[in-house]
There are 2 protein chains.
Amino acid sequence: MPNKDHGNKTKRVHEPGVHGRIWIDGPDGVFIGHGRVVLLERIREHGSITQAAKSMEMAYRHAWDLVDSMNRQAVEPFVVVATGGRGGGGAQVTEAGEKAIKLFWKLQEDFRKFLEKEQRALLKKYLVPIDGKKKQKKW
Amino acid sequence: MPNKDHGNKTKRVHEPGVHGRIWIDGPDGVFIGHGRVVLLERIREHGSITQAAKSMEMAYRHAWDLVDSMNRQAVEPFVVVATGGRGGGGAQVTEAGEKAIKLFWKLQEDFRKFLEKEQRALLKKYLVPIDGKKKQKKW
DNA sequence: TTTCGTTATTCCCTCAGATATATTACGCTT
DNA sequence: AAGCGTAATATATCTGAGGGAATAACGAAA
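The notes below deal with the structure included here. Keep in mind it's a predicted model, so treat the numbers as computed, not measured. (Residues numbered from 1 in each chain as written. Chains lettered and ligands numbered in written order. Predicted model: local features only at pLDDT ≥ 70, side-chain atom pairs only at ≥ 80, totals over all residues. Heavy atoms only, no water.)

Laying chain A over chain B is done by rotating through 179 degrees and shifting 0.0 Å along the axis; what remains is an RMSD of 0.1 Å. Put plainly, the chains are arranged around a two-fold axis. The C-alpha atom lying nearest the rotation axis in chain A is that of Arg21(A); the distance is 2.7 Å. Of all interface residues in chain A, 100% are interface residues in chain B too; the two copies therefore contact each other through one and the same surface. (Least-squares fit on C-alpha atoms with pLDDT ≥ 70 in both. Contact = heavy atoms within 4.5 Å.)

The following block contains the structure:
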C-alpha cells in the first residue's frame, strides 16, 4: 500500500516553522483529540464504526477502543451503538458527541491562530527561509 | 528498570484538561523541541554528549542523532565537538545553541499561557471536576 | 608511544502501538 | 428459523522507534 496520505499515519514532514498538537485529557488519559474527532465525524457520516474505520483506513479494533474510551470518560456517551438488527446494527453520534466535535474544532482553530502568531514572531526576530531552497536560518 | 520517571519515557497520564506539545521544524523535519533543548542544556552542563545523555538516561546513540540533526539543519552549529585529546574530547554549546534554547523556552512559555487561557475558557463553558474524585463533566 | 575517555558508527534486541485475523453475540427482517 | 452485517472480543502478527552493547577512530598529555 504505497503512499497513503490520510489520517496521521505516514511520516509527515512539516514545512519549516512552528508546529504543535493539542488535545483534551480526561480522568483516564486522552479524551478528545484530532483523530478521535475525525472518527466521530466519520461515524456520523457512515452510521457504523466498521465503515467509519474503513473510510479512514483505521483498524476496527482501534476505532472501537477510541469510541469506548470516549464513552467511558464522558458523562453522556458520544456514540450510541446497536448490535444486531437490520443491517447488523450501527452507531450514532449523540448530541453530546456533536458538542465535543464543535468544541474541539474551536480549540483547534484557536491553536492554529496561536501558531501563526508565534510563526510571525519567529520570522521577525530571525531570518527564516522564504525563497524555495532550504536556505539560511540565522540564529 | 522499574518505574523511571524522568524525560518523557514513561506513560504520563495528564490531569484532565487542555494539553499539547509544540516544536519547530526545519528543512529536514523536527529541528527544535523539548527533548532537544533539554539535551543542549545538559551538554552545556556536563561538557560532553556522553555525560549529558547519561544524566537524562538517554542512549548515547539517540543523543548523538539529535545533536547531528540540529547541527545539520542549523546554519551555525548548536554544538561543537572534539574527538580525542585530553579526556577524550568533549562537546560545547555554541552561542547559536544558546539562542535556540532561549527561543524555545520563550515559545514554550507562550504556549503554556495559551493552554491556560483555553483551559479557563473550557471551565467557563462546561463543568469540569474540581473536587478530587473523577467527577462529572457536563457536555 | 602508551594511555585514556570521548566521539563516531554498526548491529541486534526490546517493547509498545497498531494492525490483521478469527470467532462469537446480537436482533431485526424475511 | 434462517440470513445478514454489524458490534464485541480474543489472539496473533507486524512495524518502527528507541535502547544496549560492542568496536573503531581520535588526539592531547604523560
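Residues and elements named next belong to chain B. In contact at an axis separation of 10 Å, helix H1 (residues 34-46) and helix H3 (residues 60-73) are set at 100 degrees when each is read in the N-to-C sense. Between H1 and H3, the angle falls in the class roughly perpendicular. Contacts between H1 and H3 involve Arg36, Leu39, Leu40 and Ile43 from the former and Ala63, Leu66, Val67, Ser69 and Met70 from the latter. Residue composition of the contact of H1 with H3, by class: seven nonpolar, one polar and one charged. (Axes fitted to C-alpha atoms, helices over the stretch in contact; angles between N-to-C directions. Helix = DSSP H or I, 4+ residues; strand = E, 2+ residues; numbered from the N terminus. Parallel < 35°, antiparallel > 145°, perpendicular 65-115°, else oblique. Nonpolar A, V, L, I, M, F, W, Y, C, P; charged D, E, K, R; others polar.)

Pairing within the open sheet is antiparallel, and its four strands lie in the order S2(A)-S1(A)-S1(B)-S2(B). The two strands at the open ends of the sheet, each matched to only one other strand, are strand S2 (29-32) of chain A together with strand S2 (29-32) of chain B. Each adjacent strand pair in this sheet contributes to an overall mean axis angle of 60 degrees, direction not counted. Where strand S1 (residues 17-26) of chain B and S2(B) come together, three bridges link them in antiparallel fashion. By the bridge assignment for S2(B), Gly26(B) is matched with Gly29(B). (Pairing = 2+ DSSP bridges.)

Moving on, we get to the packing of aromatic side chains. Applying the stated criterion across every chain, the model contains ten aromatic pairs over all chains. Judged by centre distance (6.4 Å) and plane angle (15 degrees), the rings of Phe111(A) and Phe114(A) are stacked. Pair noted here: Phe111(A) and Phe114(A) are both in helix H4 (residues 95-125), with a separation of three residues, about one helical turn. Here the two residues Phe111(A) and Phe114(A) agree in accessibility, since each one is buried. Taking the centre distance of 5.6 Å and the plane angle of 35 degrees together, the rings of Phe111(A) and Phe111(B) count as tilted. Taken together, the positions of Phe111(A) in helix H4 and Phe111(B) in helix H4 (residues 95-125) put the pair across two chains. Phe111(B) matches Phe111(A) in its accessibility class, with the two residues each being buried. (Phe/Tyr/Trp six-rings, centres within 6.5 Å; stacked < 30°, edge-to-face > 60°. Buried < 20%, exposed > 50% of the residue type's maximum accessible area, 1.4 Å probe, protein only.)

All names here are of chain B. In this structure, glutamate 116 sits in helix H4. What makes glutamate 116 partly exposed here is its relative accessible area of 40%. Separated by 74 residues in sequence, glutamate 116 and arginine 42 have C-alpha atoms that sit 28 Å apart. Polar side-chain contacts of glutamate 116 include one of 2.8 Å to the side chain of arginine 112. (Polar contact = N/O pair within 3.5 Å; in protein donor to acceptor, adjacent residues only side chain to side chain.)

All names here are of chain B. With respect to the helices, strands and loops of the structure, lysine 102 is situated in helix H4. Lysine 102 sits in the exposed class, given a relative accessible area of 66%. Sequence-wise, lysine 102 and valine 37 are 65 residues apart; in three dimensions their C-alpha atoms are separated by 9.1 Å.

With that out of the way, let us pick up the pattern of salt bridges. In total, this model carries 15 salt bridges over all chains according to the counting rule given. Of the charged contacts, one joins Arg61(A) and Asp65(A) as a salt bridge, the two residues approaching to 3.0 Å between their closest N and O atoms. Placement of the pair is Arg61(A) and Asp65(A) together in helix H3 (residues 60-73), with a separation of four residues, close to one helical turn. Among the residues examined, Asp65(A) registers a relative accessible area of 29% and is labelled partly exposed. Where Glu109(B) meets Arg112(B), a salt bridge forms, and the shortest distance between an N and an O atom there is 2.7 Å. (Salt bridge = Lys/Arg side-chain N within 4 Å of Asp/Glu carboxyl O.)

Read these as spatial facts, not as claims about activity.
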